[in-house]
Amino acid sequence: MHDDADATEDSANTEYGADDAADAEGARSTDELLRAARVWDPQVTRLPAFDPETAPETPLPLFANWFAEAVAAGEREPHTVSLATSDEEGLPDARIVILHGADAEGWSFATHDDSRKGRQLDARPYAALVFYWPLLGRQVRLRGPVAAAPHEQSRADLHARSTGALAAALTGRQSEVLGSLDDLSRASEAAWEQARRAPETDAPSWTLYRLAPAEAEFFQGDPDRRHVRLRYRRTPDGWRRELLWP
């Protein structure tokens with residue numbers, strides 16, 4: 001006869017086995033989908049030629065050209081970019097953000113300075129950005145120090161954006177634990193009302209950040225896997241260009 005402890009253990013083992021089976025089935029389904037997925041399907045992907053000898057001396061003009069070509073190719077969200085930071089233990093963290101601009105001061109994005117990524121950037125002000133434009137088989141990778149813009153610039157950037165962007169900024173509490181979706185709905189509705197009623201309302205924690213690249217890599221995919229990788233490295237004498245093996 002099983003006692004209560006044995007029954008509890010048997011129940012736990014049964015549940016664990018069911019979870020294991022579900023995980024295995026999920027892994028098989030994922031594997032099947034991965035095998036069926038095509039890389040750079042020629043029906044939708046155009047892999048343009050890229051001659052690095054014709055590239056400009058600095059990365060910003062090439063980025064501007066590639067960004068415009070991504071827009072012309074029909075990339076739906078060409079301004080989305082992966083932002084990688086590191087936490088207090090030096091472990092990597094990444095998420096998708098929106099590019100707010102790219103100029104001589106750097107590539108800019110925004111977040112709350114008390115959010116998870118804001119705190120990480122405050123402690124370790126160095127990050128990486130990765131753009132991926134699959135319709136053209138292109139990536140752009142940037143790494144370098146990050147600096148917060150003055151609050152006046154952050155505020156101007158926020159108020160140049162949509163009412164929804166302001167409402168999201170006013171909702172705040174980014175990365176904090178959320179008790180329920182009802183809590184989010186109430187806070188968001190109040191923020192939307194305020195954003196519509198007073199569109200010049202400030203969101204003091206909302207901060208514009210700029211990454212000034214120490215390195216910038218431009219990756220052009222090739223159907224024969226002879227991918228072209230051009231890296232710019234900032235040196236005391238200016239930018240240095242070099243090719244990388246794919």
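Just above, that's the structure.
A brief look at the structure comes next. (Residues numbered from 1 in each chain as written. Predicted model: local features only at pLDDT ≥ 70, side-chain atom pairs only at ≥ 80, totals over all residues. Heavy atoms only, no water.)

Bringing the pairing of strand β1 (residues 80-86) into the picture now. Of the strand pairs in this sheet, β1 and strand β2 (residues 92-98) are connected by seven bridges, and their pairing is antiparallel. Its bridge partner being in β2, T80 is matched across the sheet by I98. As consecutive antiparallel partners, β1 and β2 are separated by five residues, and within that stretch G90 has a phi angle of approximately 85°, a positive value. Pairing of β1 with strand β5 (residues 126-133) involves three bridges; the strand directions are antiparallel. Across the sheet, residue L83 finds its bridge partner in β5, namely L129. (Pairing = 2+ DSSP bridges. Helix = DSSP H or I, 4+ residues; strand = E, 2+ residues; numbered from the N terminus.)

Working note: α-helix, 3.6 residues per turn, so residues spaced by three or four point in the same direction. Among all positions in helix α5 (residues 163-171), only L166, A167, A169 and T171 are buried. Summarising the contacts, the buried residues of α5 are in contact with β4 (106-112), α4 (151-159), α6 (181-197) and β7 (206-211). G172 sits one or two positions beyond α5 and adopts a positive phi of about 60°. (Buried < 20%, exposed > 50% of the residue type's maximum accessible area, 1.4 Å probe, protein only. Contact = heavy atoms within 4.5 Å.)

Bridge count between β5 and strand β6 (residues 138-148): eight bridges; the pairing is antiparallel. Opposite V130, over in β6, you have R141 as the bridge partner. Here β5 hands over to β6 after four residues, with G137 in that stretch at a positive phi of 65°. Summarising the sheet, β6 and strand β8 (residues 215-220) pair through six bridges and their orientation is antiparallel. Residue pairing for β8: V140 is matched across the bridge by F218. Inspection of the sheet shows β6 paired to β7 by three bridges, in the antiparallel sense.

Next up on the list: a negative patch on the surface. On the surface, D113, D114, D122 and E176 cluster together to form a negatively charged patch. Take D114: its relative accessible area is 44%, and that puts it in the partly exposed class. (Patch = residues over 30% accessible without salt bridge, like charges linked within 9 Å, V, L, I, M, F, W, Y side chains within 5 Å. Areas by Shrake-Rupley, 256 points an atom, 1.4 Å probe, with all protein chains shown as cover. Salt bridge = Lys/Arg side-chain N within 4 Å of Asp/Glu carboxyl O. Lys, Arg positive; Asp, Glu negative; His and termini not counted. Charge placed at Lys NZ, Arg CZ, Asp CG, Glu CD.)

Approximately 260 Å³ is the volume found for the largest pocket. For the lining of the largest pocket, the secondary structure elements donating two or more residues are β2, β4 and α5. The volume enclosed by the second largest pocket comes to roughly 180 Å³. If you trace the second largest pocket, you find it lined by T171, G172, R173, E176, V177, L178, D183, L184 and A187. (1 Å grid on protein atoms, 1.4 Å probe; cavity = no way out; pocket = protein on both sides within 12 Å on 5 of 7 lines; lining within 4 Å. Points joined across faces, edges and corners; volume = space filled by probe spheres on them.)

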